[in-house]
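Descriptive structure summary
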Amino acid sequence: MHYVKAKGILSPKNGMNLYRGCSHGCIYCDSRSKCYNMQHDFEDIEIKENAVELLENTLKHKRKKCMIGTGSMTDPYIPLEMELQNVRKALSLIYENGFGFTVITKSNRILRDIDLLQKINEKTKCVVQMTLTTADEELCRKIEPNVSTSKERFEVLKQMRDAGIPTVVWLSPILPFINDTWENISAILDMCIEAKVYGIICFGMGVTLRDRNREYFYNQLDKHFPGLKEKYIKIYGNRYVINSFNNNTLMKQFNDKCDEHGIVHNNDLIFEYLHTFEEKQLSKQLSLWEL
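Residues numbered from 1 in each chain as written. Predicted model: local features only at pLDDT ≥ 70, side-chain atom pairs only at ≥ 80, totals over all residues. Heavy atoms only, no water.

Within the protein chain, the secondary structure is distributed over 12 helices and 11 strands. Relative to the compact-globule value of 19 Å for 291 residues, the protein chain shows a C-alpha radius of gyration of 20 Å, a close match. Within the protein chain, the fraction of its 291 residues that count as buried is 52%. Accessible surface, the protein chain: about 14200 Å² in total, of which carbon and sulfur atoms supply 49%. Within the protein chain, one finds 39 positive and 38 negative side-chain charges whose respective centroids are separated by 4 Å. (Helix = DSSP H or I, 4+ residues; strand = E, 2+ residues; numbered from the N terminus. Rg over C-alpha atoms; globule rule 2.2 N^0.38 Å. Buried < 20%, exposed > 50% of the residue type's maximum accessible area, 1.4 Å probe, protein only. Areas by Shrake-Rupley, 256 points an atom, 1.4 Å probe, with all protein chains shown as cover. Lys, Arg positive; Asp, Glu negative; His and termini not counted. Charge placed at Lys NZ, Arg CZ, Asp CG, Glu CD.)

What follows is the structure, encoded as structure tokens:
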């Protein structure tokens, strides 16, 4: 790990990354891509030493309350977080200043902060987003080796359900010839149904590959799925979007099952939900006043 001083903490869309880089080792991770101009090894975690102070100052001076998001580029619940606790400090500031919060993670370390997540959700809105790619625990260990297994993430979703915290699942990526089967997709949807997730984000049954991300992915294919790299190269070449041959069939089955169980699966609607700030206490006060 190494430390840097950041000039700012929130993006124009109110997203933040307290860390840069990741140690989860997911074989398909787009954040490794050359286009993001990371000037250090991906596993050498960059820590923004002044991130919490920047966030405190930014929230105090924001004119309008909004949803604050994290996890789009780097999973915030890497092992270092348990020592540094920057996410927990940020959550405290978000709660104290009356902002909403949403996070994308693959880690059950988020359960450490369920008390703060619940407090935020009682006051405004908190949405926990969890990535699920496979229901097969052995396969999960191959493609997402250093992070909570799918079963452990499922337990997180259920605990969030019980705490009254809404959840969204990212069904992505679906890797051709690896996890692109209806048996797998259906098993993941069964988890989502039981956990009563609000919605599932899915951009299609496939994966995206860019420079540097592609090289790492192919090296991991050689390690865990001998011969599959050559198949990818022969079929897809250097394409950015790698669609499963089963895409159309799987998407229809996915959409039908979501409709059957009342799970939102329109990506635009889900993103609108994630970005919409709600002040619940104010809503309750207005309702009482109207009475």
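As a further point, take the packing of helix α6 (residues 150–162) against helix α7 (residues 182–195). For any two helices packed against each other, one specifies the crossing angle of their axes together with the interaxial distance. Running from N to C, α6 and α7 point in directions that differ by 20 degrees, and their axes come no closer than 9 Å. By the criterion of interaxial angle, the relationship of α6 to α7 is roughly parallel. In this structure, α6 meets α7 at a crossing whose hand is right-handed. Across the interface between the two elements, Phe154, Leu157, Lys158 and Arg161 from α6 touch Met191, Glu194 and Ala195 from α7. For the contact of α6 with α7, the per-class residue count stands at four nonpolar, no polar and three charged. (Axes fitted to C-alpha atoms, helices over the stretch in contact; angles between N-to-C directions. Parallel < 35°, antiparallel > 145°, perpendicular 65-115°, else oblique. Left-handed = near helix turned anticlockwise from the far one by under 90°. Contact = heavy atoms within 4.5 Å. Nonpolar A, V, L, I, M, F, W, Y, C, P; charged D, E, K, R; others polar.)

If you trace the six strands from one edge of the open sheet to the other, you get β2-β5-β6-β7-β8-β9, paired in parallel fashion. Taken across any chain shown, the strands that pair with only one partner, and hence form the sheet edges, are β2 (15–16) and β9 (199–201). Sheet analysis places strand β7 (residues 126–132) next to strand β8 (residues 167–171), joined by five bridges and oriented parallel. Counted as the bridge partner of Thr131 is Trp170 from β8. Together, β6 (100–105) and β7 form the strand contacts of helix α4 (residues 114–123), whose direction differs from that of β7 by roughly 130 degrees. (Pairing = 2+ DSSP bridges.)

Most of β8 sits out of view: five of its five residues are buried. Residue alternation in β8 divides its side chains into two sets, Thr167, Val169 and Leu171 and Val168 and Trp170, and both sets are buried. Sheet topology places β8 next to β9; three bridges connect them, and they run parallel. Pairing of Trp170 across the sheet is with Ile201, part of β9. As for the winding sense of the linkage, the β-α-β connection from β8 through α7 to β9 is right-handed. (Right-handed = clockwise from strand over helix to strand, strands pointing away.)

Read from one edge to the other, the open sheet built from three strands follows the order β1-β4-β3, with strand pairing classed as mixed. Pairing within the sheet leaves two strands with one partner each, and these edge strands are β1 (2–4) and β3 (19–20). Strand direction decides the pairing type here: β3 and strand β4 (residues 46–48), joined by two bridges, are antiparallel. Of the residues in β4, the one forming a bridge with Tyr19 is Ile47.

What follows covers the pattern of salt bridges. With the rule as written, the count across this model stands at 15 salt bridges. Among the salt bridges present, the one from Lys229 reaches Asp222, with a minimum N-O distance of 3.0 Å. Relative accessible area serves as the criterion here: at 33%, Asp222 is assigned to the partly exposed category. (Salt bridge = Lys/Arg side-chain N within 4 Å of Asp/Glu carboxyl O.)

Turning next to the environment of Arg214. In this fold, Arg214 is placed in helix α8 (residues 213–224). The class of Arg214 is buried, set by a relative accessible area of 7%. Placed 185 residues apart in sequence, Arg214 and Cys29 show a C-alpha to C-alpha distance of 9.2 Å. Contact partners of Arg214, with chain neighbours within four places excluded, come to Leu209, Asn238 and Arg239. A distance of 3.1 Å separates a polar atom in the side chain of Arg214 from the backbone oxygen of Asn238. (Polar contact = N/O pair within 3.5 Å; in protein donor to acceptor, adjacent residues only side chain to side chain.)

The next subject is the side chain of Asn86. When you line up the elements, Asn86 lands in helix α3 (residues 86–96). Residues contacting Asn86, with those up to four places away along its chain left out, are Leu18, Tyr19, Ile47, Val52 and Glu81.

With that out of the way, let us pick up the confidence of the model for the protein chain. For the protein chain, the mean per-residue pLDDT works out to 95, and 96% of the residues sit at or above 70. Taken as a whole, residues 284–291 scores under 50 in pLDDT and shows zero contacts with residues more than four places along the chain or in a different chain. (pLDDT = per-residue confidence, 0-100.)

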